[in-house]
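Listed below, chain by chain, are the residues.
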Amino acid sequence: VSGVVLIVFGHWLLSCVTYQDGTFGLQDPLADIPWTQWITWPLQAVPVFFLAAGYASAVSWANWYDSGKMSRQTWVRHRVSRALGPTGAYLFVISAAVVIGTLLGAPGSVLQYAGWAVAMQLWFLSVYILVVYLTPIAIAAHRRWGLWVPAVLGVAVAVVDTLEIGGHLPYVSWLNYLLCWGALYQLGIAWHAGLLNGRRAVVLGAVSAVALALLIGVGPFPVSMISVTGQTIQNSSPPSLAMLAFACTQTGIAVALGPMLNRALQGPRVQKVLSVANTNVMALYLWHMVPVVIVAAALYPAGLMPQPPEGGLAWWSVRLLWVAILAVVTAVEMLILFRLRGFFAAPLPSIPIPGSPVVTEATMLIGVVLTAYGISYVAARGFAPDGHFAWHAMAIFAVGAVLVCLTPARAPAALRRE
């Protein structure tokens, strides 16, 4: 919950919209005001999210698969469907809005900007779906090799960065999306197993902090943990070795503080608040950029939002006002989503088909790959690249989602009970 809230706050704070001569634009304070790159350190909470996701998956796997209550295929489909259902509802609504805007004659530049603004946060979900699908392999590897698994993944991140930066091999760094965040997911599994208890968390955090300082101070990596326009080397798109060191530092801190937080959060009232927040955190992550488009479209053309020079006290005051307005609009939006949670929060349905579990295993694999591609394409280019709706990406996602839904009509007893 805290990870998503920090990510949302960071996106809002840095979504610096401008409006001049009837045209929307963007400021990039990370590039224009270099010292703000240090602000990205407390705002970059994606590592903690993958760490917690790995821990949660390990808990679920032990409760459902290890206990014999659910088959491996059913468990994977259940977890993937819980992420793809709300994501599919979001993609459907935004796609419909873009198509309607196109039919009504909205300018291509407006569609392109709005379609990018409400898609840029989706990259996380394409990686998340892949690591969740690979959970059975991750847990099997953990049980055989323990902490060697995230260690090897970390070495692989370093090799990829060396090939990309030193060997000038294009696109190879895209592997780090899976390697880096997979390493954090694997650390979450190890945390659940007790392999990070005691001094190990402190040692991991301290060693990673030293490595991070060297990679930034001596090495070629920038300070910012969020992508900055114009920088040849980025730490987050795709994640770099410096990002992995930063993530492991966060992991050490999180695990070391875990026992204290558990004691502080044991009260029934706190647990109830956390339960409600955790139930709605997916909706918050998916929908938090929609208010940015709505508020910008309503306030900037009407001249109701000041546009002081970038970097001054007045500019920062406007940024805080902007965040406050977005928080109010998002609260209303979340209330609507909660009332309609039967659609917006529902997992993908099951579609029984004749055939063996081997067939549906293959269809689920293909479906996961297709949905991950559709999400990643939209996240990179927006819903309307060059002002035209991304039909092929959404069609590929839709086909993949249907393939994930397919289940054996005659399921084993464990699947039928679930």
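Residues numbered from 1 in each chain as written. Predicted model: local features only at pLDDT ≥ 70, side-chain atom pairs only at ≥ 80, totals over all residues. Heavy atoms only, no water.

Focus: helix α8 (residues 135–145)
Phase 1 of the analysis: Turning to α8, its buried residues are Thr-135, Pro-136, Ala-138, Ile-139, Ala-141 and His-142.
Phase 2 of the analysis: The elements touched by buried residues of α8 are α4 (46–64), α5 (72–103), α7 (123–133), α9 (148–166) and α10 (176–192).
Phase 3 of the analysis: Downstream of α8 by a residue or two, Gly-146 has a phi angle that is positive, lying close to 60°. (Buried < 20%, exposed > 50% of the residue type's maximum accessible area, 1.4 Å probe, protein only. Helix = DSSP H or I, 4+ residues; strand = E, 2+ residues; numbered from the N terminus. Contact = heavy atoms within 4.5 Å.)

Focus on empty space enclosed by the protein
Phase 1 of the analysis: Summed over all chains, the structure comprises one cavity of 30 Å³ or more.
Phase 2 of the analysis: In terms of lining residues, the largest cavity is bounded by Leu-13, Leu-14, Pro-29, Thr-36, Ile-39, Trp-315, Trp-316 and Arg-319.
Phase 3 of the analysis: Put simply, the parts of the chain that give the lining of the largest cavity at least two residues each are α1 (2–14) and α15 (313–339).
Phase 4 of the analysis: Here the element with the most residues in the lining of the largest cavity is α15; it accounts for three residues.
Phase 5 of the analysis: Looking at the lining of the largest cavity, its residues break down into six nonpolar, one polar and one charged. (1 Å grid on protein atoms, 1.4 Å probe; cavity = no way out; pocket = protein on both sides within 12 Å on 5 of 7 lines; lining within 4 Å. Points joined across faces, edges and corners; volume = space filled by probe spheres on them. Nonpolar A, V, L, I, M, F, W, Y, C, P; charged D, E, K, R; others polar.)

Some remarks on the nonpolar core
Phase 1 of the analysis: Ranked by internal contacts, the top residues of the largest apolar core, which has 110 residues, are Phe-50, Tyr-90, Leu-122, Trp-322 and Phe-383.
Phase 2 of the analysis: Broken down by element, the residue count for this core peaks at 10 residues, all from α5.
Phase 3 of the analysis: Ignoring sequence-local partners within four residues, the contact set of Tyr-90 consists of Val-118, Gln-121, Leu-122, Leu-286, Trp-287, Val-290 and Phe-383. (Core = buried A, V, L, I, M, F, W, Y, C linked by side-chain atoms within 4.5 Å.)

Thoughts on the packing of aromatic side chains
The relative placement of two aromatic rings is captured by the distance of their centres and the angle of their planes.
Phase 1 of the analysis: In this structure the tally under the stated criterion is 25 aromatic pairs.
Phase 2 of the analysis: With 4.7 Å between their ring centres and 90° between their planes, Tyr-90 and Trp-287 make a pair best called edge-to-face. In this pair, Tyr-90 sits in helix α5 while Trp-287 sits in helix α13 (residues 268–287), placing the two residues 197 residues apart along the sequence. As far as the burial class goes, Tyr-90 and Trp-287 line up, both buried.
Phase 3 of the analysis: Note that Lys-69 overlies the ring of Trp-64, its terminal NZ or CZ placed 5.8 Å from the centroid.
Phase 4 of the analysis: When the ring centre of Trp-315 is taken as origin, the NZ or CZ atom of Arg-319, which lies over that ring, is 5.9 Å away. (Phe/Tyr/Trp six-rings, centres within 6.5 Å; stacked < 30°, edge-to-face > 60°. Lys NZ or Arg CZ within 6 Å of the ring centre and 35° of its normal.)

Considering the packing of α13 against α15
Phase 1 of the analysis: For the pair α13 and α15, interaxial distance at closest approach is 11 Å and the crossing angle is 125°. The orientation of α13 with respect to α15, classified from their angle, is oblique. As for the relative orientation of α13 and α15, their crossing is right-handed in sense. Touching Asn-280, Ala-283, Leu-284 and Trp-287 of α13 are Thr-330, Glu-333, Met-334, Leu-337 and Phe-338, all from α15.
Phase 2 of the analysis: By residue class, the composition of the contact of α13 with α15 is six nonpolar, two polar and one charged. (Axes fitted to C-alpha atoms, helices over the stretch in contact; angles between N-to-C directions. Parallel < 35°, antiparallel > 145°, perpendicular 65-115°, else oblique. Left-handed = near helix turned anticlockwise from the far one by under 90°.)

A word on the side chain of Thr-371
Phase 1 of the analysis: By the element assignment, Thr-371 lies in helix α17 (residues 357–381).
Phase 2 of the analysis: Taking the relative accessible area as the measure of exposure, Thr-371 reaches 0% and is therefore buried.

Remarks on the pairing of strand β1 (residues 16–20)
Phase 1 of the analysis: Where β1 and strand β2 (residues 23–27) come together, five bridges link them in antiparallel fashion. Among the inter-strand pairings, Cys-16 is bridged to a residue of β2, identified as Gln-27.
Phase 2 of the analysis: Taking the residues that link successive antiparallel strands as the turn, the β1-β2 hairpin has two residues, and the phi of Asp-21 there is positive, at about 55°. (Pairing = 2+ DSSP bridges.)

Points about the environment of Asp-66
Phase 1 of the analysis: Residue placement: Asp-66 occurs in the loop between α4 and α5.
Phase 2 of the analysis: You can call Asp-66 partly exposed: its relative accessible area is 39%.
Phase 3 of the analysis: Setting aside chain neighbours within four positions, we find Asp-66 in contact with Trp-61 and Arg-143.
Phase 4 of the analysis: Among the polar contacts made by the side chain of Asp-66, one reaches the side chain of Arg-143 at a distance of 2.6 Å. (Polar contact = N/O pair within 3.5 Å; in protein donor to acceptor, adjacent residues only side chain to side chain.)

A word on α15
Phase 1 of the analysis: With 27 residues, α15 extends 40 Å between its outermost C-alpha atoms, agreeing within 8% with the 39 Å of an ideal straight helix rising 1.5 Å per residue.
Phase 2 of the analysis: Among the residues of α15, those classed as buried are Trp-315, Val-318, Arg-319, Trp-322, Val-323, Leu-326, Thr-330, Glu-333, Met-334 and Leu-337. (Expected span 1.5 Å × (residues − 1).)

Points about the pattern of salt bridges
Phase 1 of the analysis: If you walk through the whole model with that rule in mind, you get three salt bridges.
Phase 2 of the analysis: Note that Asp-66 and Arg-143 form a salt bridge whose closest N and O atoms lie 2.6 Å from each other. Linking Asp-66 in the loop between α4 and α5 with Arg-143 in helix α8, this pair joins segments that are 77 residues apart in sequence.
Phase 3 of the analysis: What makes Arg-143 exposed here is its relative accessible area of 53%.
Phase 4 of the analysis: Close ionic contact of Asp-386 with Arg-381 constitutes a salt bridge, the shortest N to O distance being 3.4 Å.
Phase 5 of the analysis: On the accessibility criterion, Asp-386 (54% relative accessible area) is exposed. (Salt bridge = Lys/Arg side-chain N within 4 Å of Asp/Glu carboxyl O.)

Here we look at the side chain of Gln-234
Phase 1 of the analysis: As for its placement among the helices and strands, Gln-234 is situated in the loop between α11 (199–217) and α12 (241–264).
Phase 2 of the analysis: One polar contact links the side chain of Gln-234 to the main-chain carbonyl oxygen of Val-228, over a distance of 2.7 Å.
Phase 3 of the analysis: In terms of polar contacts, Gln-234 uses its side chain to reach the backbone carbonyl oxygen of Gln-231, at 3.1 Å.
Phase 4 of the analysis: With near-sequence residues (within four places) excluded, Gln-234 lies in contact with Ile-226, Ser-227, Val-228 and Ser-240.

That is the geometry; function is a separate question.
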